[in-house]
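Structural description and commentary
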Amino acid sequence: MVKLNKIYTRTGDDGTTGLASGGRRPKHDLRVEAYGAVDETNAVIGLARLHAAPELDAVLSRIQNELFDLGADLATPDTGEDLGYEPLRIVQSQVERLETDIDAANAALAPLKSFVLPAGAPLSAHLHLARTVARRAERLMTALAEREVVSRPALAYVNRLSDYLFVAARVANLAQGDVLWAPGKTR
């Protein structure tokens, strides 16, 4: 398992970072950017958890752990070579669990008649921020997938995650209602 005795190693002073599989990449490499955006998503979810009730907090806690799984997946490129160990990968059951979470949360919501503005209760605003960072991670992952192998479950997971965060943000605004876009309101 992970053991960190020393936080700084000086190995990144040359502008590179180590992958879980042992190789090194520039810190601006698309793969590093992708798992960096996943890490940012995780940090914003941590902020949202400050405002979450226990049931939602438990789901967000599980998601944070799964985002570390996703980061590990992305930090271990699938080159087809034997690594001598089974790399951690996002699996379909994690995607399906998010779909179940989306369906459960969405059941309490009225159908939308306009786009939702990322506002409202503090929990909702933080979840919307997490959603937009997850969407950035997804854009980076799909760009990476055009160049290198990124698994279908990993791509599906990040796509469902932003969907879940959207629905959870709406649920967080149930007491006050969605903050809806009013097209052309200020013309």
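An account of the accompanying structure is given in this report.

Conventions adopted
- Residues numbered from 1 in each chain as written.
- Predicted model: local features only at pLDDT ≥ 70, side-chain atom pairs only at ≥ 80, totals over all residues.
- Heavy atoms only, no water.
- Helix = DSSP H or I, 4+ residues; strand = E, 2+ residues; numbered from the N terminus.
- Buried < 20%, exposed > 50% of the residue type's maximum accessible area, 1.4 Å probe, protein only.
- Contact = heavy atoms within 4.5 Å.
- Core = buried A, V, L, I, M, F, W, Y, C linked by side-chain atoms within 4.5 Å.
- Phe/Tyr/Trp six-rings, centres within 6.5 Å; stacked < 30°, edge-to-face > 60°.
- Axes fitted to C-alpha atoms, helices over the stretch in contact; angles between N-to-C directions.
- Parallel < 35°, antiparallel > 145°, perpendicular 65-115°, else oblique.
- Left-handed = near helix turned anticlockwise from the far one by under 90°.
- Nonpolar A, V, L, I, M, F, W, Y, C, P; charged D, E, K, R; others polar.
- Salt bridge = Lys/Arg side-chain N within 4 Å of Asp/Glu carboxyl O.

**Topic: the environment of Y157**
Mapped onto the secondary structure, Y157 falls in helix α5 (residues 152-172). Residue classification places Y157 among the buried positions, given a relative accessible area of 0%. Taking the C-alpha atoms as reference, Y157 lies 9.3 Å from E138; in sequence the two are 19 residues apart. Those residues in contact with Y157 that sit more than four places away from it in its chain are I63, E66, L67, L70, I90, Q94, V95 and L98.

**Some details on the nonpolar core**
Core analysis: the biggest nonpolar cluster contains 45 residues, and I63, L70 and Y164 have the highest contact counts within it. If you list the elements that add at least two residues to this core, you get α1 (30-49), α2 (54-74), α3 (92-106), α4 (122-145) and α5. What L70 contacts, discounting residues up to four positions off in sequence, is V38, I90, M141, A154, Y157 and V158.

**Considerations on the packing of aromatic side chains**
Applying the stated criterion to the full structure yields one aromatic pair. Here the aromatic rings of F115 and W181 are separated by 5.7 Å at their centres, their planes lie at 45°, and the arrangement is tilted. In this pair, F115 sits in the loop between α3 and α4 while W181 sits in the segment after α5, placing the two residues 66 residues apart along the sequence.

**Some remarks on the packing of α2 against α5**
Where α2 meets α5, the axes come as close as 11 Å, and the angle between the chain directions of the two elements is 150°. Judged by the angle between their axes, α2 and α5 are roughly antiparallel. As for how α2 packs across α5, the hand of that crossing is left-handed. Seen from α2, the contacting residues are L56, V59, L60, I63, E66, L67, L70 and D73; seen from α5, they are A154, Y157, V158, L161, Y164 and L165. Classifying every residue of the contact of α2 with α5 by side-chain character gives twelve nonpolar, no polar and two charged.

**Considerations on unusual backbone geometry**
We note that R10 has phi near 70°; this positive angle belongs to a residue other than glycine. Along the chain, R10 falls in the segment before β1 (16-18).

**Description of the pattern of salt bridges**
Taken as a whole and assessed by the stated rule, the structure comprises 13 salt bridges. E148 is the salt-bridge partner of R25, the closest N and O atoms lying 3.1 Å from each other. Taken together, the residues R25 in strand β2 (residues 24-26) and E148 in the loop between α4 and α5 connect sequence positions 123 residues apart. Owing to a relative accessible area of 24%, E148 belongs among the partly exposed residues under this scheme. The closest approach of N and O atoms between R49 and D57, which form a salt bridge, is 2.6 Å. If you follow the salt bridges from partner to partner, you end up with R25, D29, R31 and E148 in one network.

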